[in-house]
Protein chains: 2
Amino acid sequence: MVVQKRIEDMRRYMDEIGVDLVIVWEPDNQFYLTGFRAISYSRPIVTLIDGKEIQLILPGLEEAHAAQMAKVDRTYVYYEQYGFRDRVLTYIDHLTQILSTFPCGSKIGVEVGVLPASIYMYLLEKGFVLVDIGEKVTKMRSIKDSHEIELLKVAGNLSDLAIGESLRHARIGVSELEFDSYGDRLLLEIASQEYKDELIGYADWTCSGVVRSEMPHLYSSTRKFADGDVVVHSRQVWFNNYRAENERTFLIGNVTEKQKDLLKLAIEAQQVGMELIRPGILASDVDIATFEVFRKAGYADFVQHRVGHGLGLSEHEEPYLRFDNELVLQEGMVYTIEPGIYVPGVGGFRHSDTVILTENGSRSITEYPRDFESMQF
Amino acid sequence: MVVQKRIEDMRRYMDEIGVDLVIVWEPDNQFYLTGFRAISYSRPIVTLIDGKEIQLILPGLEEAHAAQMAKVDRTYVYYEQYGFRDRVLTYIDHLTQILSTFPCGSKIGVEVGVLPASIYMYLLEKGFVLVDIGEKVTKMRSIKDSHEIELLKVAGNLSDLAIGESLRHARIGVSELEFDSYGDRLLLEIASQEYKDELIGYADWTCSGVVRSEMPHLYSSTRKFADGDVVVHSRQVWFNNYRAENERTFLIGNVTEKQKDLLKLAIEAQQVGMELIRPGILASDVDIATFEVFRKAGYADFVQHRVGHGLGLSEHEEPYLRFDNELVLQEGMVYTIEPGIYVPGVGGFRHSDTVILTENGSRSITEYPRDFESMQF
């Protein structure tokens, strides 16, 4: 039902720009438009939308799964097993057949930013006129509906639970990976008690110590927490594919006054961003306002990234909260607020929370305490 | 040192096909050629190789990380923070600058199967002649050197440990996600004791019960194991980016004679494949030989996939063990052997192990028991 409205929206857009067919390649975009997502490393899945039908090309081993989940009108299955060697063996064969019903010169919408060059060139060689529809799907996905918001709230709650349990084990001698796993273990136990037959996932990245925390994005390692560590812990938890991000910077044992001050500063910058964000202001406003907190304190040169990204089905979603983005924010948008500074020899400092824009302001779906006192171990 | 040899190999190939520059986009390919991999959802990283230099375009927040890890001659950093708004803000600007030193008509190698259409078209519009180098990198990556094999062996050992611990908790009432997490928790604890400052990761997929196990590839859910379940558990564990795959099908409580027979059949098919695979035979031989085990037992129609895929840095790597692949297998190749059948109303049955091809045969880096008796709970 939700998917049907999205398809109608897409078809209106196709009429507007005179597109006969849309080919959707990106897995999260396909999920958004069909309700179906598979584990598909080496076996492409393609969604095609025209004025009449939604069609899905998929590998044989996803046939039963798609029959259960995909809101589509027709499926085309390709095979790879010896027993079915006389059937269709590649997705390209199906694509060719479907495209044969569209005359040369037809206008086809594709995601130019993610569609592999090989497919794009294949379509060009067939004589089709190609236009980008990637931005349209991005725009549709950027405003969450009430169903998506319910899923995001559950993801937020679960992420709070996980981060709390991990922090309960923050102590000298625990490795980054162990720290992550304490929270994940409890998350899965509680979620298994409370939710029946649902999909839950998580990803964690913990950067501990002065050198590692200075680098904003690292995979967790077996490095063990030591006295005087600054630790930047990042976590995303997803519930039926919708993600909440929850990050906390904390201090282990005897840290310096400067480290304490910089954590307080990062917390202050985040608070400024979370209080400011609301419908009607510009994406750039939030980025610049939080940057100003760091600049006034003399740390302008130690900011390394924008203040936040959209969130939903993908790890990062456009549009971004960045100084050069003049987008007017709207109700239903979901953003991380995560201003950070990274000071050589001192460490990195960044909290991240996920907020949903409401009619007059915003509410955070991640609620684990952010205050300085709660971040010392 | 290892990376240097790979670069030399790539440069010889570039000379052979008359390519002036190679642009590497795929993250695993970049890691293979530079030793550097980042978490990079929305911030592209690009590696460029010409006859003289290896160059890296990367976002500011990866600058310190790359300085530590990347075996490259030069880096070009783009920024996104307000404070550096007068510097280069996009990777495309750096790319344009680097390409300006190559005359129109220069031949550039790209990965046509993964490079986004937008970049490909940008290069075409600049007047460059583009050729595919994706297959060359795939071919290089398919033969593992001794360093890679050492990492794979550690990954295999860790996966055995994890799968054993999960299976110790196989019982009615445990959810798929909890089952996964038991093994992951122990894996991270032991790995943190045994390895210092190393990267370890894992992914699990557990399909439990008749209906879910019939679908070869599903994300784990909160569904709880029940009496009479067939469970297909898949696990990949990676150690410093190199992956071992380890999958076991097991039975919970009172299952039917038919379910027992089909598990025995899948085990037999896997044994045939593991004994057969060696340098000198064709990829197709392994696929067809294991298929024949199922066919002779009357289950030809219930095979849904090829018998295995390459493994290393990516979840699935080419070339595949598939009936229509005439590739002659070589020493140093790494493959999963995972013949499966999926019978409606009965369940799915598949073990997977990861084998390295040796001079005269193969050895499995995953050694958890595969026998029928060990698979009943």
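Residues numbered from 1 in each chain as written. Chains lettered and ligands numbered in written order. Predicted model: local features only at pLDDT ≥ 70, side-chain atom pairs only at ≥ 80, totals over all residues. Heavy atoms only, no water.

> How do you make sense of the sheet that holds strand S7 (residues 200-208) of chain A when you look at a structure like this?
Two strands in a sheet stick together by hydrogen bonds in their backbones, pointing the same way (parallel) or opposite ways (antiparallel). All names here are of chain A. Taken in spatial order, the three strands of this open sheet run S7-S8-S9, and their pairing is antiparallel. This sheet does not close on itself; its edge strands, each paired only once, are S7 and strand S9 (242-251). Across the sheet, the mean angle separating the axes of adjacent strands is 10° when strand polarity is ignored. Pairing of S7 with strand S8 (residues 230-239), which is carried by nine bridges, proceeds in the antiparallel orientation. Its bridge partner lying in S8, Asp-204 is registered against Arg-235. (Pairing = 2+ DSSP bridges. Helix = DSSP H or I, 4+ residues; strand = E, 2+ residues; numbered from the N terminus. Axes fitted to C-alpha atoms, helices over the stretch in contact; angles between N-to-C directions.)

> What am I meant to see in the interface of chain A and chain B here?
Across the contact, 75 residues belong to chain A and 75 residues belong to chain B. Across the chain A to chain B interface the summed buried area is about 6,800 Å²; carbon plus sulfur atoms make up 62%. Among the residues of chain A in contact with chain B, Ile-39, Tyr-41 and Tyr-82 of chain A are the three that bury the most area, contributing 11% of the side total. If you look at where chain A meets chain B, you find two salt bridges. With its nearest N and O atoms 3.9 Å apart, the salt bridge here joins Glu-80 of chain B to Arg-306 of chain A. When contributions to the side of chain A that touches chain B are tallied by element, the ones reaching two or more residues are helix H3 (63-69), helix H5 (117-125), helix H8 (176-194), S7 and helix H11 (283-296) of chain A. Examining the composition of the side of chain A that touches chain B, we find that 11 residues originate from one element, H8 of chain A, more than from any other. The residue inventory of the side of chain A that touches chain B, partitioned by class, reads 36 nonpolar, 19 polar and 20 charged. (Contact = heavy atoms within 4.5 Å. Buried area = accessible area lost by both parts, 1.4 Å probe. Salt bridge = Lys/Arg side-chain N within 4 Å of Asp/Glu carboxyl O. Nonpolar A, V, L, I, M, F, W, Y, C, P; charged D, E, K, R; others polar.)

> For this particular structure, what's the right way to read the side chain of Gln-30 of chain A?
Residues and elements named next belong to chain A. Along the chain, Gln-30 turns up in helix H2 (residues 27-34). A polar atom in the side chain of Gln-30 sits 2.8 Å from the backbone oxygen of Ile-45. Setting aside residues up to four positions removed in sequence, Gln-30 forms contacts with Val-24, Trp-25, Gly-35, Phe-36, Ile-45, Val-46, Thr-47 and Leu-56. (Polar contact = N/O pair within 3.5 Å; in protein donor to acceptor, adjacent residues only side chain to side chain.)

> Looking at this model, I keep getting lost on the pairing of S9 of chain A. Mind explaining?
Within S9 of chain A, 10 of the 10 residues are buried, leaving the element largely enclosed by the surrounding structure. Following S8 of chain A, the chain reverses through two residues before pairing antiparallel with S9 of chain A; Asn-240 of chain A in that reversal takes a positive phi of roughly 45°. (Buried < 20%, exposed > 50% of the residue type's maximum accessible area, 1.4 Å probe, protein only.)

> Before we go on, may I ask you to explain the relation of the copies chain A and chain B in this structure?
Between the two chain copies there is a screw-like relation: a rotation about an axis and a shift along it. Superposition of chain A onto chain B requires a rotation of 180° combined with a translation of 0.0 Å along the rotation axis, giving an RMSD of 0.0 Å. Taken together, the turn and the small shift mark the pair as related by a two-fold rotation axis. Residues of chain A ranked by C-alpha distance from the rotation axis are headed by Ala-117 of chain A, positioned 2.1 Å from it. Taken together, the interface assignments show that 100% of the residues at the interface of chain A recur at the interface of chain B, consistent with an identical surface on both copies. (Least-squares fit on C-alpha atoms with pLDDT ≥ 70 in both.)

> Is there a simple way to think about the UniProt feature "domain: Peptidase M24" (unreviewed entry) in chain A in this case?
As recorded in UniProt, the feature "domain: Peptidase M24" (unreviewed entry) lies at residues 150-359 of chain A. End-to-end, the C-alpha atoms of residues 150-359 of chain A are 16 Å apart, and along that stretch the chain is 37% helix and 26% strand. (UniProt positions renumbered as here; feature names shortened; annotations may be inferred.)

> What's the story with the sheet that holds strand S3 (residues 54-59) of chain A in this structure? I'm lost.
Residue and element names in this part refer to chain A. Strand order across the open sheet formed by six strands is S4-S3-S2-S1-S5-S6, with mixed pairing between neighbours. The outermost strands of the open sheet, each flanked by one partner alone, are strand S4 (74-78) and strand S6 (129-132). Taking the axes of each pair of neighbouring strands and ignoring which way they run, one obtains an average angle of 25° across the sheet. Examined bridge by bridge, strand S2 (residues 46-50) and S3 share four bridges and lie antiparallel to one another. Its bridge partner lying in S3, Thr-47 is registered against Leu-56. Strands strand S1 (21-24), S2, S3, strand S5 (107-110) and S6 of the sheet are contacted by helix H1 (residues 2-17), whose axis makes an angle of about 65° with S2.

> Would you mind going over the environment of Ile-98 of chain A with me for this structure?
Residue and element names in this part refer to chain A. Mapped onto the elements, Ile-98 comes out in helix H4 (residues 91-99). In sequence terms Ile-98 and Tyr-76 are 22 residues apart; their C-alpha atoms lie 9.5 Å from each other. Not counting the four nearest positions on each side in its chain, Ile-98 is found in contact with Leu-48, Gln-55, Ile-57 and Tyr-76.

> Help me out: how do you make sense of the domain arrangement of chain A in this one?
Note on interface size: it is often stated as the accessible area lost on association of the parts. Residue and element names in this part refer to chain A. Taken domain by domain, chain A comprises domain 1 (2-141) and domain 2 (143-375). Computed from C-alpha coordinates alone, the two centres of domain 1 and domain 2 are separated by 34 Å. Taken residue by residue, the interface counts 10 residues in domain 1 and 11 residues in domain 2. When the buried area of domain 1 at its contact with domain 2 is split by residue, Phe-31, Thr-138 and Arg-141 rank highest and sum to 49% of it. Counting the contacts that link domain 1 with domain 2 gives three salt bridges. (Domains from an automatic or database assignment.)

> Mind showing me how you'd approach unusual backbone geometry here?
Negative phi is the rule for most residues except glycine; trans is the rule for most peptide bonds. A cis amide bond, omega -10°, links Glu-318 of chain A with the succeeding residue Pro-319 of chain A. With respect to the element layout, Pro-319 of chain A can be found in strand S11 (residues 317-321). Positive phi, normally seen in glycine, also occurs at Asn-240 of chain A, with a value near 45°. Structurally, the position occupied by Asn-240 of chain A is in the loop between S8 and S9. With phi around 85°, Asn-241 of chain B is a residue other than glycine that occupies positive phi space. Positionally, Asn-241 of chain B belongs in the loop between strand S8 (230-239) and strand S9 (242-251). On the accessibility criterion, Asn-241 of chain B (11% relative accessible area) is buried.

> Is there a simple way to think about the packing of aromatic side chains in this case?
The geometry of an aromatic ring pair is captured by two quantities: the separation of the ring centres and the angle between the planes. Scanning the entire structure with this criterion turns up 24 aromatic pairs over all chains. Arranged with centres 5.2 Å apart and planes meeting at 35°, the rings of Phe-179 of chain A and Phe-250 of chain A form a pair that is tilted. Here Phe-179 of chain A, found in helix H8, pairs with Phe-250 of chain A, found in strand S9; they are 71 residues apart in sequence, far enough to count as distant. What makes Phe-179 of chain A buried here is its relative accessible area of 0%. A centroid spacing of 5.6 Å and a plane angle of 80° characterise the contact between Phe-250 of chain B and Phe-377 of chain B, whose relative ring orientation is edge-to-face. (Phe/Tyr/Trp six-rings, centres within 6.5 Å; stacked < 30°, edge-to-face > 60°.)

> For this particular structure, what's the right way to read the UniProt feature "domain: Creatinase N-terminal" (unreviewed entry) in chain A?
Under the feature "domain: Creatinase N-terminal" (unreviewed entry), the UniProt entry names residues 6-143 of chain A. Here residues 6-143 of chain A is 39% helix and 20% strand, with 12 Å between the C-alpha atoms at its ends.

> Can you walk me through the packing of helix H7 (residues 146-168) of chain B against helix H8 (residues 176-194) of chain B in this structure?
The packing of two helices is summarised by the inter-axis angle and the distance between the axes. All names here are of chain B. Two elements in contact, H7 and H8, have axes whose closest approach is 7 Å; the angle formed by their N-to-C orientations is 135°. Classified by the angle between their axes, H7 and H8 sit oblique to one another. Seen along the crossing, H7 lies across H8 with a hand that is right-handed. Mapping the contact onto sequence places Leu-158, Leu-161, Ala-162, Glu-165, Ser-166 and Leu-167 in H7 and Phe-179, Asp-180, Tyr-182, Gly-183, Leu-186, Leu-187, Ile-190 and Ala-191 in H8. Residue composition of the contact of H7 with H8, by class: 10 nonpolar, two polar and two charged. (Parallel < 35°, antiparallel > 145°, perpendicular 65-115°, else oblique. Left-handed = near helix turned anticlockwise from the far one by under 90°.)

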